[in-house]
Amino acid sequence: MKSIYKVPGGKLIKIQLELADDLIASIQIFGDFFLHPEDTLEIIEHALIGARLEEDIFTDLIEDVLEQSKATLIGASPKDIAQAIHLALNSE
Amino acid sequence: MAIDEAIMHSMEEGLSPPTFRFYRWNPSAVSIGIFQSMNDEVDLDYCRTSNIDAIRRITGGGAVYHDYEGEITYSIIIPKNHRLVPVDIIESYKILCGGIVDALRIMGIESSFKPINDVIVNGKKVSGNAQTRRYSCVLQHGTILLDLDVRTMFSILKVPPEKISDKMISDVRDRVTSIREIRGDEVSFEELRDALYDGFCESLDISLDPGELTAEESVDVEVLMETKYSMDKWNLSR
């Protein structure tokens, strides 16, 4: 399942994911946004595995990782990534 | 890219001063942002047959075509507590991109910084920039377009050939420009380089002393080229 989401006034987010039993089984987040430190993206992807398929849950999980990693996301927000995931879920 | 990272390593050890570089890419190359998918963004078959390198940067942002005949890349590497890099990342882009704005002014071109990471002239992008903060340093590198080869750019980036229409090309020309297009003459690399040198010195209130890589940096560059920047493990990691 895939999506491409252009953040209004921001960057592009691309999602590729697979499901198992209505949970996220694997996910990759791509794009031309900025995230400091950069290795935070893998932590976000890892945190989303096993998540229930609700946009608010995605947003919360991403926000938690950003806070714990003292990370800065630029050109997209946790809500934008959550929306991109939501779009991917509706892609098939 | 390997040189930039080697300098960061060395600076973290306190062995290298704040460093500024200008360079061109020979052969021409495409670099993608650290979070982009190489296979999704770049036509690697076209790159192979056209002798164009394809590499992943350690910075975010989008894909950039580094045309040997049409582009200068700069990089600035400074300790993270340096006066030129406030904690606010957008603010630091604005400060460092001031060097490009001043360089263009020296060349008779009025431009401005457009957040997040662009410098624009008459609403069109002429320079894209990207930053990373690691190894106790800030690296900002960016591209300044001297010339624009839209057809080659589209051939490198994964745009289906049938979509490379005149309309698409004119759309890009509405959003991106180059110094030669703005000035309407054959501006030389030397003029751009000299303007960048003076623009960065004035805008950032710095002076630049010519230098070479240290022996340690040179060894590190070789290691990084062999173990990272030439490897699918890095370049195709996403």
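Keep in mind that what you see is a predicted model, and the values were worked out from it rather than measured.

Draft legend 1. Region of interest: the pairing of strand β1 (residues 2-6) of chain A. All names here are of chain A. Pairing of β1 with strand β2 (residues 12-20) involves 5 bridges; the strand directions are antiparallel. Counted as the bridge partner of I4 is K14 from β2. Here β1 folds back onto β2 in antiparallel fashion, the turn holding 5 residues, of which G9 has a positive phi close to 70°.

Draft legend 2. A look at the interface of chain A and chain B. Taken together, the contact pairs 15 residues of chain A with 15 residues of chain B. Among the secondary structure elements, those contributing two or more residues to the side of chain A that touches chain B are β3 (23-31), β4 (34-36) and β5 (72-74) of chain A. Here the side of chain A that touches chain B is composed, by residue class, of 7 nonpolar, 5 polar and 3 charged.

Draft legend 3. Expanded view of helix α4 (residues 89-106) of chain B. All names here are of chain B. Counted at 1.5 Å a residue, the expected span for α4 with its 18 residues is 26 Å, and the 26 Å between its end C-alpha atoms agrees. At C97, α4 shows its maximal kink, close to 30°. All buried positions along α4 are accounted for by Y93, L96, C97, G99, I100, V101, D102, A103 and L104. The elements touched by buried residues of α4 are β5 (71-79), β6 (112-114), β7 (118-121), β8 (124-134), β9 (137-145) and α8 (189-204).

Draft legend 4. Local environment of the sheet that holds β5 of chain B. All names here are of chain B. Sheet architecture is open: 6 strands sit in the order β1-β5-β9-β8-β7-β6, paired in antiparallel fashion. Two strands lie at the open edges of the sheet, namely β1 (19-23) and β6, each paired on one side alone. Adjacent strand axes in the sheet meet at a mean angle of 20° when their direction is disregarded. Two strands pair when backbone bridges link them, and β8 and β9 are joined in this way by 8 bridges, in the antiparallel orientation. By the bridge assignment, S127 is partnered in β9 with I144. Of the strands in this sheet, β5, β6, β7, β8 and β9 are in contact with α4, which crosses β8 at around 130°.

Draft legend 5. Just unusual backbone geometry, in detail. Here H36 of chain A and P37 of chain A are connected by a cis peptide whose omega angle stands at -5°. On the secondary structure map, P37 of chain A appears in the loop between β4 and α1 (40-48). Of note in the backbone geometry, D22 of chain A takes a positive phi value of approximately 60° without being a glycine. In this structure, D22 of chain A sits in the loop between β2 and β3. Here the phi dihedral of S136 of chain B falls at roughly 60°; this positive angle occurs in a residue that is not glycine. Tracing the chain through its elements places S136 of chain B in the loop between β8 and β9.

Draft legend 6. Local environment of the pairing of β8 of chain B. Residue and element names in this part refer to chain B. By the criterion of burial, β8 is predominantly enclosed, with 8 of the 11 residues buried. Strand direction decides the pairing type here: β7 and β8, joined by 4 bridges, are antiparallel. The residue of β8 that forms the bridge with D118 is G128. Between β7 and β8, which pair antiparallel one after the other, the connecting turn spans 2 residues, and N122 there sits at a positive phi close to 50°. In this structure, the hairpin formed by β8 and β9 is closed by a connection of 2 residues, where Y135 is found at a positive phi of approximately 50°.

Reading the values: the criteria
Residue numbers restart at each chain and count upward from 1, following the sequence in its written direction. Think of it this way: whatever chain is written first is A, whatever ligand is written first is 1, and the rest follow in order. Two thresholds apply to this predicted model, a pLDDT of at least 70 for residue-level local features and 80 or more for giving and counting side-chain atom pairs, whereas whole-chain, interface and lining totals are computed over all residues. Strands pair, by our definition, only if DSSP identifies at least two bridges between them. The numbering of helices and of strands both runs from the N terminus, where a helix is a DSSP run of H or I of at least 4 residues and a strand a run of E of at least 2. By the convention adopted here, residues are in contact when the distance between their C-beta atoms, placed from the backbone, does not exceed 7 Å. In the scheme used here, Gly and all other residues not listed as nonpolar or charged are polar, with Ala, Val, Leu, Ile, Met, Phe, Trp, Tyr, Cys and Pro taken as nonpolar and Asp, Glu, Lys and Arg as charged. Here, expected helix span is obtained from the residue count minus one, scaled by 1.5 Å. One fitted axis covers the seven residues ending at a residue, a second covers the seven starting there, and the bend at that residue is the angle between these axes. Think of it as a crowd count around each C-beta: if 20 or more other C-beta atoms lie within 10 Å the residue is buried, if 12 or fewer it is exposed, and in between it is partly exposed, with C-beta placed from the backbone throughout. The convention used is that axes are lines fitted to C-alpha atoms, helices contributing only their stretch in contact, and that angles between N-to-C directions extend from 0 to 180 degrees.

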